[in-house]
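The chain contents come next:
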Amino acid sequence: MTTYKYFGPVCSMFGYGCLGGLGDELRIRGYKKALIVTDRAIVELGIAAKVIEVLDNTGIGHAVFADVKPNPTVANVKAGLTLLRAEGCDFIVTVGGGSSHDCGKAIGILATNGGEVEDYRGVDKSKKKALDIVAVNTTAGTGSECTRAYVISDEEKRTKTGIRDRNALVAIAVNDHSLMMSLPRGLTAATGMDALVHAVECYISKNGFLLTSQLSLAAIRCVFDWLREAVRTPSSERAREGMAVAEYLAGLAFGNGGIGMVHAVSHQLGALYDLPHGLCNAILLPPVMEFNKRGAEAKLAELGRFLRPLDCEGKSDSIMADVAIEEFRNLSSDIGTLVPLGSLGVRREDFDLIAQKALADMSLLNNPVQPTADEIVGVLQSVY
Ligand SMILES: NC(=O)c1ccc[n+]([C@@H]2O[C@H](COP(=O)([O-])OP(=O)(O)OC[C@H]3O[C@@H](n4cnc5c(N)ncnc54)[C@H](O)[C@@H]3O)[C@@H](O)[C@H]2O)c1
Ligand SMILES: [Fe+2]
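Within each chain, residue numbers correspond to sequence positions counted from 1 in written order. Whichever chain is written first is A, and whichever ligand is written first is 1; the rest continue in order. Local features in this predicted model are restricted to residues of pLDDT 70 or higher, and side-chain atom pairs are both shown and tallied only at a pLDDT of 80 or more, whereas totals for entire chains, interfaces and linings draw on every residue.

Thoughts on the domain arrangement of the chain
Then, number 1: Annotation of the chain at the domain level lists domain 1 (11–180) and domain 2 (185–382).
Then, number 2: Boundaries of every domain are those given by an automatic assignment or by a domain database. A separation of 26 Å is found between the C-alpha centroids of domain 1 and domain 2.
Then, number 3: Counting residues at the interface gives 24 residues for domain 1, matched by 32 residues for domain 2.
Then, number 4: Here a helix means four or more residues in a row that DSSP labels H or I, a strand means two or more in a row labelled E, and each is numbered from the N terminus. Elements with a minimum of two residues in the side of domain 1 that touches domain 2: β6 (149–154) and β7 (159–164).
Then, number 5: When residues of the side of domain 1 that touches domain 2 are assigned to their parent elements, the largest contribution, 4 residues, is made by β7.
Then, number 6: Any residue that is not Ala, Val, Leu, Ile, Met, Phe, Trp, Tyr, Cys, Pro, Asp, Glu, Lys or Arg is counted as polar, Gly included; the first ten are nonpolar and the last four charged. Class assignment for the residues of the side of domain 1 that touches domain 2 results in 7 nonpolar, 14 polar and 3 charged. Two residues qualify as a contact pair if the distance between their C-beta atoms, derived from the backbone, is within 7 Å.

Description of the environment of L169
Then, number 1: Here L169 shows up in the loop between β7 and β8 (172–175).
Then, number 2: We call a residue exposed when 12 or fewer other C-beta atoms sit within 10 Å of its C-beta, buried when the count reaches 20 or more, and partly exposed for counts in between; the C-beta positions come from the backbone. Overall, the presence of 22 C-beta atoms within 10 Å leaves L169 in the buried class.
Then, number 3: With residues up to four places along the chain from it excluded, the contact list for L169 reads F7, P9 and R148.

Quick word on the packing of helix α6 (residues 185–203) against helix α7 (residues 210–232)
Then, number 1: Orientation is described by lines fitted to C-alpha atoms, with helices fitted over the stretch in contact, and by angles between N-to-C directions that extend from 0 to 180 degrees. One way to put it is that α6 packs onto α7 with a least axis distance of 9 Å and a crossing angle of 160°. Taken together, the axis directions place α6 and α7 in an arrangement best described as roughly antiparallel. Between α6 and α7 lies a crossing whose hand is left-handed. Across the interface between the two elements, R185, T188, A189, G192, A195, L196, A199, V200, C202 and Y203 from α6 touch T212, S213, S216, A219, I220, V223, L227, A230 and V231 from α7.
Then, number 2: Of the residues contributing to the contact of α6 with α7, the split by class is 13 nonpolar, 5 polar and 1 charged. By the definition adopted for this analysis, an angle is roughly parallel if under 35 degrees, roughly antiparallel if over 145, roughly perpendicular if from 65 to 115, and oblique otherwise. Left-handed describes a crossing in which the near helix is turned anticlockwise from the far one by less than a right angle; the clockwise case is right-handed.

Quick look at the site of ligand 1
Then, number 1: Surrounding ligand 1, one finds 32 residues, the nearest of these being A41, P70, G97, G98 and S99.
Then, number 2: Looking at the shell around ligand 1, the elements that each hand over two or more residues are α2 (40–44), α5 (98–113), β6, α6 and α10 (277–307).
Then, number 3: Per element, the largest residue contribution to the shell around ligand 1 is 4 residues, and it comes from α5.
Then, number 4: Residue classes in the shell around ligand 1 are distributed as 11 nonpolar, 18 polar and 3 charged.
Then, number 5: Both domains that furnish three or more residues to the shell around ligand 1 are identified here as domain 1 (11–180) and domain 2 (185–382). By definition, a residue lies near a molecule or strand provided its backbone-derived C-beta atom is within 6 Å of it.

Below you can see the structure in the form of structure tokens.
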């Protein structure tokens, strides 16, 4: 007997302007007052106001917590939870990218289970379902609105680890690409590469199965079809829609099939230097896949044949795996995410520490090859 489990949000909404239809879904659920979890930029861009308008039109009250940092912290979660309790909110609306959703998931888990973020690090550690979460997504990258995962940095220990908890799945995911039109080029590129890395890492994951592989392929197709255009022409509605679908498919894939070594290392870069998650992933993708060829050459070759079907006749797995890695590198170079780590303020003297912390990261469990600390340092050096 083989059993694969698949988790996803109960209700997902898509389409340009679909936020306008959220009120009907909220009314059915009988909510009274929302805690909006978001960041300053989302408020300044007027995106939070659009969500508030929907709540007002539906007769639902709200309080706003707008202090989420990129790479959200334990302190962010505590502050949000305090406000939620003081305001008597009965559900959470996260508005933004992965940082807002992850912070909201942690608040939701603590609201119903009590305790500290620390108590839930690991897999399925909570007993009760989080307070209901509605995730209004404004980036096309993390897939956090459809996964069980959330990532909270511990600023004291300078670590950033993922938590996987079925109780953290959101009730409603809103992927309205009209809210993504304002994403600047750099963030479009970095978050789009995050989606690609999710799909690629899931495709070669030890924990993947046919459903997650097919979702990964569909996500990779969408990224290659739309990411260049989304970066070149940020006002392109079809490219934004393509990337909104890409990141969702990739989220469903890795949320069930796992991620790998790119994330294990990039989480540490995010925690130590507060760097954009997608950018770290983009930089690490080619060298980590070169490292992974040892254990996943055939899978990477499948991706090479998928991406360059007219160029594979009679070619070996080794050659086609290299083709896949070349395609990743070309895309990253075209959209400006192929930058040296040194240019981001990463210090060589931290490499051993980064490697040690990466070895303890849960994401590594699904990587096809288990690296040594020296091998992780080698990867970092190769892109410095
Ligand atoms: N839970 C998961 O499954 C999962 C998966 C991958 C990454 N993550 C986490 O998600 C976080 C990264 O999330 P992210 O990449 O979505 O970025 P983010 O949420 O950190 O946002 C980055 C910046 O983009 C701005 N922004 C967001 N939407 C915008 C828009 N439409 N227009 C203009 N600016 C906008 C934000 O204000 C912020 O300043 C990291 O902490 C990462 O570890 C979580
Ligand atoms: Fe990611």
